Structure formats: structure tokens, C-alpha cells
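# Chain and residue survey
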Amino acid sequence: MPELPEVTALAEYLDRRLAGAVVEQVRIGAINALKTADPPYTALVGRRVDSVGRRGKFLVLVTEPVPAEDGGDRGGGADDAGPLAVVVHLALGGWVRVTDRIQEGAPPRGKGYVAARFGFVRDGEETGIDLTEAGTWKRLSVHIVRRLEDVPAIADLGPEPLAEDFTLEAFRKLLNHRKQVKGLLRDQKIIAGIGNAYSDEILHAAKISPFAIASTLDDVSTARLYESMRRVLTDAVEEDLGHPPEELKDEKRRIMRVHRRAGEPCPVCGDTILEVSFADSALQYCPSCQTGGKPLADRRTSKFLK
Ligand SMILES: [Zn+2]
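Residues numbered from 1 in each chain as written. Predicted model: local features only at pLDDT ≥ 70, side-chain atom pairs only at ≥ 80, totals over all residues. Heavy atoms only, no water.

## Quick notes on the overall build of the protein
We apply this condition: Secondary structure elements are taken from DSSP: a helix is a run of H or I of four residues or more, a strand is a run of E of two residues or more, and numbering for both begins at the N terminus. Atoms considered for the radius of gyration are the C-alpha atoms alone. The globule rule reads 2.2 Å times the number of residues to the power 0.38. Each residue's exposure class comes from its accessible area (1.4 Å probe, protein chains only) as a fraction of the maximum for that residue type: buried when under 20%, exposed when over 50%, partly exposed otherwise.
Broken down by element type, the protein carries nine helices and ten strands. Here the C-alpha radius of gyration of the protein, 21 Å, is about what a compact globule of 306 residues would show, namely 19 Å. Structurally, the protein occupies a C-alpha span of about 70 × 40 × 30 Å along its principal axes. Here the protein holds 306 residues, and 49% of them are scored as buried.

The structure is reproduced here in C-alpha cells:
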């Protein structure tokens, strides 16, 4: 799943490509993916892209009506004089495909599934955007809203970890939960934008066990976790920026130091990276760096050891 760094890079790429472009086409390939009915998605046609940004793991494309003297207002958006935002959550298997032409026709179903298809024109140049989704769990979502807070999951988001005003003091308050720190970092209502991959990376950099209870971390560990979080995310954003969407997944895999690297040597100490697997996910960690050399209990391996 794309997390804060990848979504930041996607947003930045799309903003450079689409800011000022006019929406020519919107097609919905999977009605389940579209979570809102008012305003209708057809209201986007004829509007101009103001910006593409990010909030949490959401891509946010903001459109404005084209002033009448520019020959605008040919879409169905006569009632919407203000901004309309397209808010996309790519979920587990979602991605963005960019083409140099507007794709004609209905989006394909089944294999090569496209949840939504957009076409834009800027200075006579076309851009097609397909929101694709792999896998069987269809979770990609598209909201079309007048205000960002109209998307419930956005209204519930915790603070942005890279925001300038997100201080160590603010972070310390968030840790006041009797909850494993790995789960806390991934909880979007507590802090926005971090998922399974970057929480592994942040905890490894901070030398903290994923199973440590957040509220029991002392001041030194808390400060190290805060610093690691900011550094890991900032470094990843810097690595990702400038890469087109089709390169970002490989880029993410390349910069991971422990995530999905079970069996490989830890780049810090050389110990073997271990894994704990759950029903639908797994975490990776370095025992020497993070758990005093002790392997964490794993339901799967302990079954074999009995
Ligand atoms: Zn290590």
C-alpha cells in the first residue's frame, strides 16, 4: 500500500502534470469504488484542476469552475461555484496509471481492472489517468466532495507527522495509549500517513520493539522514535520525489531496510532480520537492534516448535 512518501510523490507528479488542466472525461469503472453521489461525478467535467496534494494516505485533486469568460461552465456543475475535490484512497492494490492520451471507451473490467478513468487537457495536451486495482479485495475508494472533511476518514485523521508544528511534545501526547507502538504508528486516527512498511522502518531506526507498549516508552525512547519517524519519512520523500508513478513501487522496495527483508542481514548490525506473521500481514524487525536479541513470538513458527 502506498504510504505518506509514495502518495506525496504521486501527488507532486500529478500536480506538475495536471495543475491548470481542464477535466474532459470522468468514467467510473466500478460503482463500488465511488463512495459519494452528491455532487455527481459528471459535475467535474469542464472544471479546471487547481492542485493535486495529499492528506494522510489520500490523494486530493482539487478542481475549480472555469470562469465564464474563459468559455467554461459547460459541465453539470452550475450549482457548484466553489471547489470540488476528488479524494482517492488507493488501499492495498490500487495504483495510478498515467497515459499521454485520454483513453477512449469504458474502463476494462476483470483483469487490468480500472476503478475510475479521467481525461484532462492542458494547452492542447492530453493526459489520461486510470485508477487501477490489483488483487481480489476491492478497497480503492473515490470521494467527490465540496469540503475535505466531508470524507469521514479524512475528518478522523490524526496529525501529519512531517508538519512543522508537529513537535516532540505533540507526539508525546499521542503515545498515551496502552497499545503496541507498531499498531499505534499505523493507526490513521492517531497519526496520518504511516502504514505497515514505514512503521517497520521507523521502529528499526529507533531501535524499539514493535510490541513495546506506547504509553510505557521513556523520554529517551520517545525522542528517538520521534526523530526516527521524521527522518525515515523525510528521507523516503526525498528519494521518491521526481519519480513517475510506474517507478515508485520499486523505489519503495529499494529503500526499505527491514520491511519485507526477513532472512537478510540487518544493514546496521548484520544480524538476521526476522518476521512475525499475522492473518493478513507480517512485520519484520532486527532482534539485535530492537528486542535485545530475543525473537518475538510468532504464532506460525511456534506451532512448528511444539
Ligand atoms: Zn540490526
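Moving on from the model shown.
## Some points on the pairing of strand β6 (residues 114-122)
Our working rule: Only when DSSP finds a minimum of two bridges between them are two strands counted as paired.
Burial analysis of β6 places seven of its nine residues in the buried class, the great majority of the element. Two elements, strand β1 (residues 22-28) and β6, share six bridges in a ladder whose sense is antiparallel. When the sheet's bridge partners are listed, Ile28 is paired in β6 with Ala116. Relative to strand β7 (residues 125-133), β6 runs antiparallel, the two being bridged by eight bridges. Across the sheet, the residue bridging to Arg117 is Asp130, located in β7. Hairpin geometry of β6 and β7 is characterised by an intervening segment of two residues between the two adjacent antiparallel strands and by a positive phi of about 50° at Asp123.

## Digging into the packing of helix α6 (residues 219-240) against helix α7 (residues 245-255)
We apply this condition: Only the stretch in contact is used when a helix axis is fitted, and all axes are lines through C-alpha atoms; the angle between N-to-C directions ranges over 0 to 180 degrees. Any angle that falls under 35 degrees is termed roughly parallel, while one over 145 is termed roughly antiparallel, one within 65 to 115 roughly perpendicular, and all others oblique. For a crossing to be left-handed, the near helix must be turned anticlockwise from the far one by less than a right angle; the clockwise case is right-handed. Only heavy atoms matter for contacts: two residues are in contact if any of them lie within 4.5 Å across the pair. Under the scheme applied, nonpolar residues are Ala, Val, Leu, Ile, Met, Phe, Trp, Tyr, Cys and Pro; charged residues are Asp, Glu, Lys and Arg; polar residues are all the others, including Gly.
The interhelical angle for the contact between α6 and α7, taken along N-to-C directions, is 140°, at an axis separation of 10 Å. In this view, α6 runs oblique relative to α7, as classed from their interaxial angle. Handedness of the α6/α7 crossing: right-handed. On α7, the residues that touch Ala236, Glu239 and Asp240 of α6 are Leu248, Glu251, Arg254 and Ile255. Per-class residue counts for the contact of α6 with α7 are three nonpolar, no polar and four charged.

## Some points on the nonpolar core
Counted only if it meets this: As used here, the term nonpolar core means buried Ala, Val, Leu, Ile, Met, Phe, Trp, Tyr and Cys residues forming a set that is joined through side-chain atoms within 4.5 Å.
Formed by 37 residues in total, the largest nonpolar core has its most connected members in Leu59, Phe118, Phe120 and Leu131. For this core, the element with the most residues is helix α1 (residues 4-18), which contributes seven residues. Non-local contacts of Phe120, meaning those with residues more than four positions away in its chain, are made with Leu18, Ala21, Val22, Val23, Glu24, Val49, Leu61, Ile102, Glu125, Glu126, Thr127 and Ile129. Membership of the second largest hydrophobic core comes to 29 residues, among which are Leu174, Val181, Ala206 and Met256.

## Description of the environment of Ala21
Inspection of the secondary structure assignment puts Ala21 in the loop between α1 and β1. The buried category is assigned to Ala21, whose relative accessible area is 2%. C-alpha of Ala21 to C-alpha of Gly46: the two residues are 25 residues apart in sequence and 9.7 Å apart in space. Apart from the residues within four sequence positions on either side, Ala21 is in contact with Arg47, Arg48, Val49, Phe120, Val121 and Arg122.

## Remarks on the coordination of the zinc ion
For the record, the criterion: Donor atoms are limited to N, O and S found within 2.8 Å of the metal ion, a distance that becomes 3.2 Å for Na, K and Ca. With water left out, some sites might look partial. Under this scheme a four-donor centre is tetrahedral when all angles range from 85 to 135 degrees, a four-donor centre is square planar and a six-donor centre octahedral when opposite donors are above 155 degrees with the rest from 65 to 115, and any other centre is irregular.
Listed as protein donors to the zinc ion are Cys266 (SG), Cys269 (SG), Cys286 (SG) and Cys289 (SG); their distances from the metal cover 2.2 to 2.4 Å. One way to put it: the four donor atoms around the zinc ion meet at angles of 97 to 115°, and that makes the site tetrahedral. All donor residues of the zinc ion come from one chain, and their arrangement in sequence is C-x2-C-x16-C-x2-C. One end of the pair, Cys269, is in the loop between α7 and β9 (274-277); the other, Cys289, is in helix α8 (residues 287-290), with 20 residues separating them in the sequence. Under the relative-accessibility criterion, Cys269 is labelled partly exposed at 39%.

## Details of α6
Side chains of residues three or four places apart in an α-helix project in the same direction, reflecting 3.6 residues per turn. Our working definition: A helix is expected to reach a length of 1.5 Å times the quantity of its residues less one. Here a polar contact is taken to be a pair of N or O atoms separated by no more than 3.5 Å, where protein atoms must pair a possible hydrogen donor with a possible acceptor and residues adjacent in sequence count only if both atoms sit in side chains.
Between the first and last C-alpha of α6 there are 32 Å, a value that for 22 residues agrees with the 32 Å anticipated at 1.5 Å per step. Those residues of α6 that are buried lie in contact with α1, α3 (168-174), α4 (181-186), α5 (196-206) and α7. Regarding α6, its N-cap is Asp218, as a side-chain oxygen of that residue lies 3.3 Å from the backbone nitrogen of Val220 further along.

## Quick look at unusual backbone geometry
For the bond running from Asp38 to Pro39, omega is 0°, close enough to zero to count as cis. Looking at where Pro39 falls in the secondary structure, it is placed in the loop between β1 and β2 (48-55). The residue Ala91 is not glycine, and still its phi comes out positive at about 55°. Assignment of secondary structure puts Ala91 in the loop between β4 (84-89) and β5 (94-99). Take Ala91: its relative accessible area is 5%, and that puts it in the buried class.

## Re the pairing of β7
With seven of nine residues buried, β7 lies mostly within the body of the structure. One ladder, built from six bridges, connects β5 with β7; its direction is antiparallel. Note that in β7 the partner of Gly94 across the bridge is Glu133.

## What to know about the domain arrangement of the protein
As a reminder of what qualifies: Domain segmentation is taken from an automatic or database assignment of domains. A simple way to read buried area is as the amount of 1.4 Å-probe accessible surface that goes missing from two parts once joined, with both sides added.
Along its sequence, the protein is organised into domain 1 (4-155) and domain 2 (168-290). For domain 1 versus domain 2, the separation of C-alpha centres amounts to 30 Å. Each partner contributes residues to the interface: domain 1 has 16 residues there, and domain 2 has 20 residues. Of the roughly 1400 Å² buried between domain 1 and domain 2, counting both surfaces, carbon and sulfur atoms make up 73%.

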